[in-house]
Amino acid sequence: MELISQEFVKPISPTPNHLKSFEYSICDQFALSDHIPILLYYPALSDDNQQESKAINSSRLKRLKKSLSEILAHYYPLAGRLRSNNSTCVDCNDEGVSFLEAFMHNQRLEDILNNPHENYKTAKSFVPPASFESFSSSFLLLVQVTSFECGGTVVGVAPNHKILDMPSVITFLTDWATLARQDDDPNSNFMLPQLVPLAKFFPPRDNVPSASIIAEASLIKEPCRINIYVFNPSSIANLKIKATSENITTPSRVDAVTSIVWKCLTAYSNRPSVLTYTVNLRKRVAPPMHAHHIGNFIGFAEASKQGSEKDMVDMVVSLRKGLSELENKYVKRLNGNQDEAIESIQEMLRDLISLIAAAIKNDVDLYHFTSWCGFPFYDVDFGWGKPILFSSITSKLKNVITLTDTKDGGVKVYICLSEEDMKMLEKNTELLTYATLEASFPI
């Protein structure tokens, strides 16, 4: 791969003085300032005509830069920089988003897509390298567009988790793509909804714990491996039947996949297990918040099982119980006055850290699940069609499991375990009854 150029795309119009500082919410304070890699793969639109492919690549780049500059006038914090660790706001200084242009020589996009293992080996080269600037951790958004000789394109974006959770990320991508398509329809009157910073409702506070405490507990201190399993729609349908009970008559596909993975992870252990999982809180408060309430607004639910519990139905019940407890203990209090709402969030974060500390101390099997299922990454169309693949590069944190959609309605599961634990999981015949191992690589 050849890096062709790097530039900084700035907002098409300067950020007004009264918006020069974007305040964190209390949930943003807790969040890590890590970048979340998102990869969108777009096929060539023509046969192997090199001149035509060059023209297509040039046109796509021009459209992406122009529309990015336009969308940044609306999502103005993304063109700014994080301040010091002790700061509670983004400096909206319009310095711009790093935009890298790259070209893949002697390789067709379809060759990578047809070889999943090769795809995951090369995926890191499709997102901006974290070390390309010594101050890249202060960037709120990194973009890399990689063109292929065949005319295919990979759009890699890496938004910073400090002020964006996954619902905010997909909202930004959807708006950016919609704006990019306006060039094809001069009569369109698409209006971007006003952004609402979550700090308006949940302003920052002193002495908020950091998610780095949780990350430290999951940091890899031994050889680990990531396995990627794919559950197709028919397997998920069978799992939902297995997960159905009098208590849970309509388990979701996330319920079904989470429970079977959790079951298989703990199949060879007699120790208790605790599972934490993230929950988007926007639709759970009253009145519900819309997608343009920007920031981190994620709750943490927990489920537990004893070593003797092996039934999938019981695990789904435990997952739903954890969600109900999150609602009753924390979410309902978010609907009260601001002080009560903030105290509820602080209590939730303290309880999460205490739970993790207790699990480590008491030798409990601890896993963290996060689901990106349902986010419309496969609908992000910049004007040349929808992506044929969405993928990510998961964090190198042990016992972290991430669920994403496949294009056909299945679920892809990224699992990071120690090499020893992964060897046990790979022997699990029940998991392989429902899922296919797509790729495996050490980290």
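Residues numbered from 1 in each chain as written. Predicted model: local features only at pLDDT ≥ 70, side-chain atom pairs only at ≥ 80, totals over all residues. Heavy atoms only, no water.

**Q** Is there a simple way to think about the sheet that holds strand S6 (residues 97-104) in this case?
**A** Backbone hydrogen bonds hold the strands of a sheet together, and the pairing may be parallel or antiparallel. Across the sheet, which stays open at both edges, the 6 strands sit in the order S1-S6-S7-S8-S3-S15 with mixed pairing between neighbours. Either end of the sheet is taken by a strand with one partner, and the two such strands are strand S1 (2-9) and strand S15 (389-392). On average, adjacent strands in this sheet sit at an angle of 15° to one another, irrespective of strand direction. (Pairing = 2+ DSSP bridges. Helix = DSSP H or I, 4+ residues; strand = E, 2+ residues; numbered from the N terminus. Axes fitted to C-alpha atoms, helices over the stretch in contact; angles between N-to-C directions.)

**Q** How should I be thinking about the side chain of Arg-63 in this particular structure?
**A** Examined against the element boundaries, Arg-63 turns out to sit in helix H2 (residues 50-72). Reaching out from Arg-63, the side chain makes a polar contact with the backbone oxygen of Ala-180 at a distance of 3.0 Å. When neighbours within four sequence positions are excluded, Arg-63 is seen to be in contact with Ala-180, Arg-181, Asp-183, Asp-184, Phe-382, Gly-383 and Trp-384. (Polar contact = N/O pair within 3.5 Å; in protein donor to acceptor, adjacent residues only side chain to side chain. Contact = heavy atoms within 4.5 Å.)

**Q** Would you explain helix H11 (residues 419-426) in this entry?
**A** The periodicity of an α-helix, 3.6 residues per turn, causes residues three or four positions apart to be oriented the same way. All buried positions along H11 are accounted for by Glu-419, Met-422 and Leu-425. Down the axis of H11, the sector holding all buried residues measures 115°, keeping them to one side. Facing away from the buried surface of H11 by more than 90 degrees, the exposed residues are Glu-420 and Lys-423. Next to the buried residues of H11 lie strand S10 (224-231), helix H8 (253-265), strand S17 (411-418), helix H12 (429-434) and strand S18 (435-442). (Buried < 20%, exposed > 50% of the residue type's maximum accessible area, 1.4 Å probe, protein only. Arc of directions from axis to C-beta.)

**Q** Any chance you could explain unusual backbone geometry here in plain terms?
**A** Each neighbour pair has its own omega, and for Ala-286 with Pro-287 the value is -5°, a cis peptide bond. Of note, Asp-363 is a non-glycine position whose phi angle comes to about 60°, a positive value. Relative to the elements of secondary structure, Asp-363 occurs in the loop between helix H10 (338-361) and strand S14 (365-371).

**Q** What exactly am I supposed to notice about the pairing of strand S3 (residues 38-42) here?
**A** The side chains of a regular strand alternate between both faces of the sheet. In terms of burial, S3 is a largely internal element, 5 of the 5 residues being buried. Where burial is concerned, the two faces of S3 agree: the one with Ile-38, Leu-40 and Tyr-42 and the one with Leu-39 and Tyr-41 are both buried. Sheet topology note: the S3/S15 ladder contains 4 bridges and is antiparallel. Each residue of the ladder has a partner; that of Ile-38, found in S15, is Ser-392.

**Q** What is the right way to read the sheet that holds strand S13 (residues 298-305) from this model?
**A** A sheet is described by the order of its strands in space; here 7 strands give the open sequence S13-S11-S14-S16-S17-S10-S18, paired in mixed fashion. Every other strand in the sheet has two partners, leaving S13 and S18 as the edge strands with one partner each. Geometrically, the sheet is characterised by an average inter-axis angle of 20° between neighbouring strands, direction not taken into account. As judged from the 6 bridges shared by strand S16 (residues 400-405) and S17, these two strands associate in the antiparallel manner. Residue pairing in the sheet places Asp-405 in a bridge with Val-411 of S17. Along the sheet, H10 makes contact with strand S11 (273-280), S13 and S14, crossing S13 at roughly 35°.

**Q** How should the pattern of salt bridges be read in this particular structure?
**A** A side chain with one charge may pair with a side chain of the opposite charge, provided their charged atoms come close. This structure, assessed with the given rule, holds 22 salt bridges. One salt bridge connects Lys-66 with Glu-70, and the closest N-O pair in it is separated by 2.9 Å. Separated by 4 residues within a single helix, Lys-66 and Glu-70 lie in helix H2, roughly one turn from each other. A salt bridge links Lys-412 to Glu-438; the nearest nitrogen and oxygen atoms lie 3.2 Å apart. Taken as a pair, Lys-412 in strand S17 and Glu-438 in strand S18 lie far apart in primary sequence, 26 residues in all. On the basis of relative accessible area, Glu-438 is assigned to the partly exposed category, the value being 26%. Residues joined in a network through salt bridges with shared partners are Lys-242, Lys-263 and Glu-430. (Salt bridge = Lys/Arg side-chain N within 4 Å of Asp/Glu carboxyl O.)

**Q** Got a minute to help me understand the side chain of Ser-67 in this structure?
**A** The topology assignment puts Ser-67 in helix H2. Its relative accessible area of 2% is what places Ser-67 among the buried residues. A distance of 3.2 Å separates a polar atom in the side chain of Ser-67 from the backbone oxygen of Leu-64. Setting aside residues up to four positions removed in sequence, Ser-67 forms contacts with Trp-176, Leu-179 and Ala-180.

**Q** Help me understand the nonpolar core, please; the structure alone is not making it clear to me.
**A** Across soluble globular proteins, you tend to see nonpolar side chains buried next to one another. Grouped together as the largest cluster of nonpolar side chains are 65 residues, with contacts concentrated most on Phe-231, Phe-369 and Ile-415. Here this core gets 10 residues from one element, more than from any other, and that element is H10. Discounting residues that sit within four places of it in the chain, Phe-231 has contacts with Ile-236, Leu-239, Val-257, Ile-260, Val-261, Gly-410, Val-411, Val-413, Leu-431, Tyr-434 and Ala-435. Residues Tyr-41, Leu-61, Val-97 and Leu-164 belong to the second largest nonpolar core, which totals 60 residues. (Core = buried A, V, L, I, M, F, W, Y, C linked by side-chain atoms within 4.5 Å.)

**Q** Is there a simple way to explain the environment of Val-285 in this structure?
**A** Topologically, Val-285 is positioned in the loop between S11 and strand S12 (293-294). Sequence separation between Val-285 and Asn-335 is 50 residues, and the spatial gap between their C-alpha atoms is 6.3 Å. Discounting residues that sit within four places of it in the chain, Val-285 has contacts with Phe-297, Val-331, Leu-334 and Asn-335.

**Q** What exactly am I supposed to notice about the packing of aromatic side chains here?
**A** The relation between two aromatic rings is expressed through the spacing of the ring centres and the mutual angle of the planes. Counted under the stated rule, the structure contains 18 aromatic pairs. Measuring from ring centre to ring centre gives 6.0 Å for Phe-30 and Phe-300, while their planes differ by 70°; the resulting arrangement is edge-to-face. Here Phe-30 is found in helix H1 (residues 26-30), whereas its partner Phe-300 is found in strand S13, with 270 residues between them in sequence. Overall, Phe-30 belongs to the buried group, its relative accessible area being 5%. Between Phe-201 and Phe-202, the ring centres sit 6.3 Å apart and the planes meet at 50°, which makes this aromatic pair tilted. Against the face of Phe-139 rests Arg-81, its NZ or CZ located 3.9 Å from the ring centre. (Phe/Tyr/Trp six-rings, centres within 6.5 Å; stacked < 30°, edge-to-face > 60°. Lys NZ or Arg CZ within 6 Å of the ring centre and 35° of its normal.)

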